[in-house]
Amino acid sequence: MKKRFMFLTALFAVSFAFAGCGDSNVSYADGSYEGTSEVYENEDGSEDGNGYGVVNITIEGGLITECEFKTYEIDGTLKGEDYGKEDGQIKNKDYYNKAQRAVAACDEYADMLVANGSLDGIDAISGATINYNEFTEAVKDALSQAKE
């Protein structure tokens, strides 16, 4: 009975590990691919969070081995260490901190994609939902180019 339980536990663990690997009927060609999301604009006309995302993915041996994700203002300005500042100054510390958490989430999303091998199982990070939407859209764009 104990061996059967251990076997079933191991079988479940292996099944769970492969559950998020994506569509098994899809194969990807090795190479580097860039995907871009649509431009996001707030419905209320405010500029908070406006912009788009760009992902660069490397595929080797049919697997995603590298990913970089960056977000940009509508005018093409990178959302980096100055994102959330006004005129180069931190005028609203809460807004700046929120903006910087969203910037940091870009690297987290990219790391999760490499670890998971697909978008399956990657959830939005609190405070970076717009980035999540841009990320998933950009990844789908890049992977559509990589399909064999």
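Along every chain, residues carry numbers that run from 1 in the direction the sequence is written. Per-residue local features of the predicted model are confined to residues with pLDDT of at least 70, and side-chain atom pairs are confined, for both listing and counting, to 80 or more; whole-chain, interface and lining totals are unaffected and use all residues. By convention in this description, side-chain values take in all heavy atoms of the structure and omit both hydrogens and water.

## Observations concerning the pairing of strand β3 (residues 63-72)
Regular strands place side chains that alternate from one sheet face to the opposite one.
Moving on, step 1. Two strands make a pair as long as DSSP finds a minimum of two bridges between them. Only runs of H or I of at least four residues qualify as helices and only runs of E of at least two qualify as strands under DSSP, and these elements are numbered from the N terminus. Across nine bridges, strand β2 (residues 52-60) lies against β3 in antiparallel orientation. Considered in β3, the bridge of G53 is made with T71.
Moving on, step 2. The hairpin formed by β2 and β3 contains two residues between the paired strands, and G61 there has a positive phi angle of roughly 60°.

## A few points about the environment of D82
Moving on, step 1. Secondary-structure assignment places D82 in the loop between β3 and α2 (93-116).
Moving on, step 2. The buried label applies to any residue whose accessible area, calculated with a 1.4 Å probe on protein chains only, is under 20% of its type's maximum; exposed applies above 50%, and partly exposed to all values in between. D82 sits in the partly exposed class, given a relative accessible area of 47%.

## Examining the confidence of the model for the chain
Moving on, step 1. One confidence number per residue, pLDDT, is output by the predictor and ranges from 0 to 100. Here the chain shows a mean pLDDT of 84. Residues at 70 or above account for 80%.
Moving on, step 2. Across residues 1-22, confidence stays below pLDDT 50; counting only partners more than four residues off in sequence or on other chains, it has eight contacts. Note on contacts: a residue pair qualifies if any of its non-hydrogen atoms lie within 4.5 Å across the two residues.

## So, the sheet that holds β3
Moving on, step 1. The strand order across the open sheet formed by three strands is β1-β2-β3, and the pairing between neighbours is antiparallel. Here the strands that pair on one side only, and so sit at the sheet edges, are β1 (31-36) and β3. Between one strand axis and the next, the sheet turns by 15° as a mean value, whatever way the strands run.
Moving on, step 2. A fitted line through C-alpha atoms serves as each axis, taken over the contacting stretch for helices, and the angle formed by two N-to-C directions is quoted from 0 to 180°. Helix-sheet contacts for α2 involve β2 and β3, and the interaxial angle to β3 is about 165°.

## Re the packing of α2 against helix α3 (residues 129-146)
Moving on, step 1. In contact at an axis separation of 10 Å, α2 and α3 are set at 40° when each is read in the N-to-C sense. Accordingly, the angle class assigned to the pair α2 and α3 is oblique. Judged by the twist between their axes, the crossing of α2 over α3 is right-handed. Within the contact between the two elements, α2 uses A102, V103, C106, Y109, A110 and L113 and α3 uses N131, Y132, F135 and V139.
Moving on, step 2. We call Asp, Glu, Lys and Arg charged. Ala, Val, Leu, Ile, Met, Phe, Trp, Tyr, Cys and Pro are nonpolar, and the rest, Gly among them, are polar. The residue inventory of the contact of α2 with α3, partitioned by class, reads nine nonpolar, one polar and no charged. The labels follow the angle: roughly parallel below 35 degrees, roughly antiparallel above 145, roughly perpendicular from 65 to 115, and oblique for the rest. For any pair of crossing helices, the crossing counts as left-handed if the nearer helix is rotated counterclockwise from the farther one by less than a right angle, and right-handed if it is rotated clockwise.

## A few points about the pattern of salt bridges
It is possible for side chains of opposite charge to pair when their charged atoms get near one another.
Moving on, step 1. Salt bridges are defined by distance alone: a side-chain nitrogen of Lys or Arg within 4 Å of a carboxyl oxygen of Asp or Glu. Following the criterion strictly, the structure yields two salt bridges and no others.
Moving on, step 2. Linking D82 and K85 is a salt bridge whose minimum nitrogen-to-oxygen distance equals 3.2 Å.

## What to know about the packing of aromatic side chains
Moving on, step 1. Two aromatic rings, drawn from Phe, Tyr or Trp (for Trp, its six-membered ring), form a pair once their centres lie within 6.5 Å of each other, and the interplanar angle then sorts them: stacked below 30 degrees, edge-to-face above 60, tilted otherwise. Scanning the entire structure with this criterion turns up four aromatic pairs.
Moving on, step 2. Between Y109 and F135, the ring centres sit 5.5 Å apart and the planes meet at 20°, which makes this aromatic pair stacked. In this pair, Y109 sits in helix α2 while F135 sits in helix α3, placing the two residues 26 residues apart along the sequence.
Moving on, step 3. Owing to a relative accessible area of 0%, Y109 belongs among the buried residues under this scheme.
Moving on, step 4. By relative accessible area, which is 0% here, F135 ends up buried.
Moving on, step 5. Pairwise contacts between aromatic rings join F69, Y109, Y132 and F135 into one cluster.

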